[in-house]
Amino acid sequence: MQEMAKNLPLLLLLLSHGLFFLHVATATPRSYHRFTQDATQFPAISEYDYIIVGGGAAGCPLAATLSGGGSRVLLLERGGAPDEYPSLATASGFLPTISTTSQDSPAQPFSSEEGVANIRARVLGGGSAINAGFYSRAHPEFFTDVPFNWDLHQVNKSYEWIERALVHRPDVRGWQAALRDGLIEAGVSPYNGFTVEHMTGTKIGGSIFDAAGRRHSAADLLAYARHDRIRVATRATVDRIFLHQVQTNFSSVLPATAEATGVVFLDRLGRRHHAMTRRGGEVILCAGALGSPQLLLLSGVGPRAYLATWGIPVAVDNPDVGEYLYDNPRNGISILPPGPIDHSLIQVVGIPDGGDAFLEAASYVVPFVSPVESILFHRTAAPLYINVATIMEKVAGPASFGSLRLASLDPHDSPFVRFNYFTDPSNLDLNRCVSGLRRVGDVLQSRSMTIFRPAIGTWLPGGSDVMRGEFHYVGSPLPANRSDDDVMRGFCRRNVATLWHYHGGCVAGKVVDREFRVIGTRGLRVVDGSVLTVSPGTNPQATIMMMGRYVGQRILAGRRYMRNRRRHTPPAAAAAPPPPDL
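Residues numbered from 1 in each chain as written. Predicted model: local features only at pLDDT ≥ 70, side-chain atom pairs only at ≥ 80, totals over all residues. Heavy atoms only, no water.

The protein carries the name Glucose-methanol-choline (GMC) oxidoreductase family protein in an unreviewed UniProt entry, which gives Rhynchospora pubera as its organism.

Below, the structure is given as structure tokens:
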């Protein structure tokens, strides 16, 4: 049991994002295979209207949308296709996937400088191909807090486009049903039933696992691409962006010092390929909160003095690239239920009034190997399994932030990151953590959780009412005195973990403008979680996928505007720049 207790925190981190169903299905070919190839099959030089770096939650819908408008699109993904990994097809393959350390794993592990273990997706579909699949839209304030030119009508249409293709209603039972009832008893009300909207109270959210237990990731959205206008390269690692210096025209609507004209990417054999943009084309980074700022730095967009220490020529001096990097802290408890329990994860969420922390839960069966088995016992054919259930809280925001810096000049290496958990001077994150954990305690004390306490007898001889003991905790239980702020804050600091919702590094207003364009450049955008200073709602994947669709639609609208303008204006007037919101 000591060995189990030692290893279970890692298991809890891994399993806290992934098990809805028990069976593993055989992966079937997806429609994107007809235009997807290994990067070794691509020519040394090629040309496109749009080059999208990163085939994740934003990159896939963006590529599908742009190709549907008739543009020639190249999507570059550093990992393989999800069908290459049968374990990704259903949630029961999550633990084997997340625990492998092979160089070709779809989940690349890394740790922050604080020592908090984390995961970085490396597969077509990005995080949506390896995560728990929970789907919920952003909180309404998100669209005023994040400074982009949001058209809320188009935002809703973009969400709906994603939902029609990917989102399902989960079957809530067992531990998830107990959490739902416990949240309501603990005052997290009203009960809103099933909804993908972010609403105060208790709700059932959407899932990208269907009724048969199969995952539907962002890669599935490539089915909506125009097949003759898109190519997808897997195991294609972008080394740098080609940025050419341009003469600054301060009378221009968008003054720039550098123009993106293409990228150089490496295939798995180390061979270099040049992908260039046509006139008026763009390079769009969708490589995530680690990949996008890393690639900007490698390409010479960042703090001048810092780039000089690496010998990187400066294309655009911007001190904020790699800064304002956030990760939402997670804390919680885990118990050993007295009887069997079903696999589930984050189907129900509690959103308290004020939205300081969100409450979620998971339940799973974990294989257990005793450290004395090989010494005292013969190994049995049937492994031993234990049931584990957890309730967790995610700190909203957060307010604390850190930064990213290069580990090397090799784009295959993850950068060094520090999130600076719970360091904001106002203690806002700590106070939110304490508030969330107190609600976790309230849920544990609810009648709905009673059956998960071990039976220790009956009230009367021959009676039917069962006496229940205390929970059997795995890891740290909540402090006995939950009213002591200092004790609760200490618990938050000692037990901090991640929910993989890290974001920032290319934040809006500092690195990109209101249309996701990299400030000081032409033909270069960033569309992914790196542009955000706040995590959208309880889980970001819905909004990241929406952003890919939304920006694609905005770009196509801009192209239509310019075509119409050229048709109806004299040549001299047609050369004028587009309005600032296109």
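Now for the packing of helix H5 (residues 152–166) against helix H12 (residues 541–568). Their axes nearest at 8 Å, the elements H5 and H12 cross at an angle of 120°. In terms of orientation, H5 and H12 fall into the oblique class. H12 is crossed by H5, and the crossing has right-handed handedness. Note on element contacts: H12 touches H5 through Ala542, Thr543, Met545, Met546, Arg549, Tyr550 and Gln553, opposite Gln154, Val155, Ser158, Tyr159, Trp161, Ile162 and Leu166. When grouped by side-chain class, the residues that make up the contact of H5 with H12 number nine nonpolar, four polar and one charged. (Axes fitted to C-alpha atoms, helices over the stretch in contact; angles between N-to-C directions. Helix = DSSP H or I, 4+ residues; strand = E, 2+ residues; numbered from the N terminus. Parallel < 35°, antiparallel > 145°, perpendicular 65-115°, else oblique. Left-handed = near helix turned anticlockwise from the far one by under 90°. Contact = heavy atoms within 4.5 Å. Nonpolar A, V, L, I, M, F, W, Y, C, P; charged D, E, K, R; others polar.)

What follows concerns the packing of aromatic side chains. Per the stated rule, a full pass over the model turns up 15 aromatic pairs. Between Phe142 and Trp150, the ring centres sit 6.0 Å apart and the planes meet at 45°, which makes this aromatic pair tilted. Assigned by exposure class, Phe142 and Trp150 land together as buried. Taking 3.8 Å as the distance between ring centres and 5° as the angle between the ring planes, the aromatic pair formed by Phe148 and Phe516 counts as stacked. A residue pair is termed long-range when its members are at least 10 positions apart, and Phe148 in the loop between helix H4 (142–145) and H5 and Phe516 in the loop between strand E28 (503–504) and strand E29 (521–522) qualify at 368 residues. You'll find Phe148 and Phe516 in the same group, each marked buried. The rings of Phe142, Phe143, Phe148, Trp150, Phe516 and Tyr550 are connected pair by pair, giving a single aromatic cluster. Here Arg549 stacks its cationic end above the ring of Trp161, 4.1 Å away from the centre of that ring. (Phe/Tyr/Trp six-rings, centres within 6.5 Å; stacked < 30°, edge-to-face > 60°. Buried < 20%, exposed > 50% of the residue type's maximum accessible area, 1.4 Å probe, protein only. Lys NZ or Arg CZ within 6 Å of the ring centre and 35° of its normal.)

Quick look at the side chain of Ser446 now. With respect to the helices and strands, Ser446 occurs in the loop between helix H10 (428–444) and strand E24 (455–458). Here Ser446 is in contact with Gly182 and Glu185, once residues within four sequence places are set aside.

Here the focus is the sheet that holds strand E23 (residues 416–418). Spatially, the four strands line up as an open sheet ordered E23-E22-E16-E28, and their pairing is antiparallel. Every other strand in the sheet has two partners, leaving E23 and E28 as the edge strands with one partner each. Inspection of the sheet shows strand E22 (residues 402–405) paired to E23 by three bridges, in the antiparallel sense. When the sheet's bridge partners are listed, Leu404 is paired in E23 with Val417. (Pairing = 2+ DSSP bridges.)

With that settled, the discussion passes to the UniProt feature "domain: Glucose-methanol-choline oxidoreductase N-terminal" (unreviewed entry) in the protein. The positions UniProt marks with the feature "domain: Glucose-methanol-choline oxidoreductase N-terminal" (unreviewed entry) are residues 288–302. Annotation note: span residues 288–302, helix share 73%, strand share 13%, distance between end C-alpha atoms 17 Å. (UniProt positions renumbered as here; feature names shortened; annotations may be inferred.)

For the rest of this paragraph, the subject is the nonpolar core. The biggest cluster of nonpolar side chains holds 134 residues, and the ones touching the most others in it are Trp150, Leu222, Ile241, Val263, Phe265 and Leu296. With residues near it in sequence (within four places) discarded, Val263 still touches Ile51, Val53, Leu76, Val238, Arg240, Ile241, Phe242, His273, His274, Ala275 and Val283. By size, the runner-up hydrophobic cluster in this structure holds 17 residues, among which are Leu336, Val349, Val366 and Ile386. (Core = buried A, V, L, I, M, F, W, Y, C linked by side-chain atoms within 4.5 Å.)

A word on the pairing of strand E21 (residues 384–395). Counting buried residues along E21, 10 of its 12 residues qualify, which places the element largely inside the surrounding structure. In the sheet, strand E17 (residues 329–335) pairs with E21 via six bridges, with the strands oriented antiparallel. Residue Ile333 lies in a different strand from E21, and its bridge partner there is Ile391.

Annotation from UniProt places "binding site: FAD" (unreviewed entry) at Val123, Val238, Trp500, His501, Gly529, Pro540 and Gln541. Excluding anything up to four places from it in sequence, Pro540 contacts Lys394, His501 and Ser535. Counting through the fold element by element, Gln541 comes out in helix H12. Residue class for Gln541 comes out buried when judged on its relative accessible area of 5%. The residues touching Gln541, leaving out its near neighbours within four places in the chain, are Ser128, Asn131, Gly133, Phe134, Tyr135 and Ile208.

Three or more residues of helix H11 (residues 485–494) are buried, namely Met488, Gly490, Phe491 and Cys492. Of the surrounding secondary structure, the elements contacted by the buried residues of H11 are E17 and H10.

Next up on the list: a positive patch on the surface. Residues Arg279, Arg560, Arg563, Arg566 and Arg567 make up a contiguous surface patch of positive charge. Ranked by residues supplied to the positive patch, first place goes to H12 with four residues. With respect to the element layout, Arg560 can be found in helix H12. (Patch = residues over 30% accessible without salt bridge, like charges linked within 9 Å, V, L, I, M, F, W, Y side chains within 5 Å. Areas by Shrake-Rupley, 256 points an atom, 1.4 Å probe, with all protein chains shown as cover. Salt bridge = Lys/Arg side-chain N within 4 Å of Asp/Glu carboxyl O. Lys, Arg positive; Asp, Glu negative; His and termini not counted. Charge placed at Lys NZ, Arg CZ, Asp CG, Glu CD.)

What follows covers the state of the cysteines. This structure, assessed with the given rule, holds one disulfide. The partner cysteine of Cys433 in its disulfide is Cys492, sulfur to sulfur 2.1 Å. Torsion about the S-S bond of the Cys433 and Cys492 cystine: about -105°, corresponding to left-handed handedness. Residue Cys433 is located in helix H10, and its partner Cys492 is located in helix H11; the two are separated by 59 residues in the primary sequence. Just as Cys433 is buried, Cys492 falls in that class too. Cys60 supplies the cysteine sulfur nearest to Cys286, a cysteine that is in no disulfide, at a spacing of 9.1 Å. Accessibility expressed as a relative area gives 7% for Cys286, which makes it buried. (Disulfide = S-S within 2.5 Å.)

The subject of this paragraph is the confidence of the model for the protein. Per-residue pLDDT for the protein averages 88, and the proportion of residues at 70 or more is 86%. Across residues 1–29 the pLDDT falls below 50, and counting only partners more than four positions away or on other chains, this stretch makes 89 contacts in the model. Taken together, the stretch residues 573–582 has pLDDT below 50 and engages in 20 contacts with residues farther than four places along the chain or on a different chain. (pLDDT = per-residue confidence, 0-100.)

On to unusual backbone geometry. With an omega dihedral of 5°, the bond running from Ser189 to Pro190 counts as a cis peptide bond. As for its placement among the helices and strands, Pro190 is situated in the loop between helix H6 (174–185) and strand E7 (191–194). With omega at -5°, the peptide bond leading from Gly397 into Pro398 counts as cis. Along the chain, Pro398 turns up in the loop between E21 and E22. Phi is positive for Asn420, which is not a glycine, with a value near 55°. Following the sequence through the fold, Asn420 ends up in the loop between E23 and H10.

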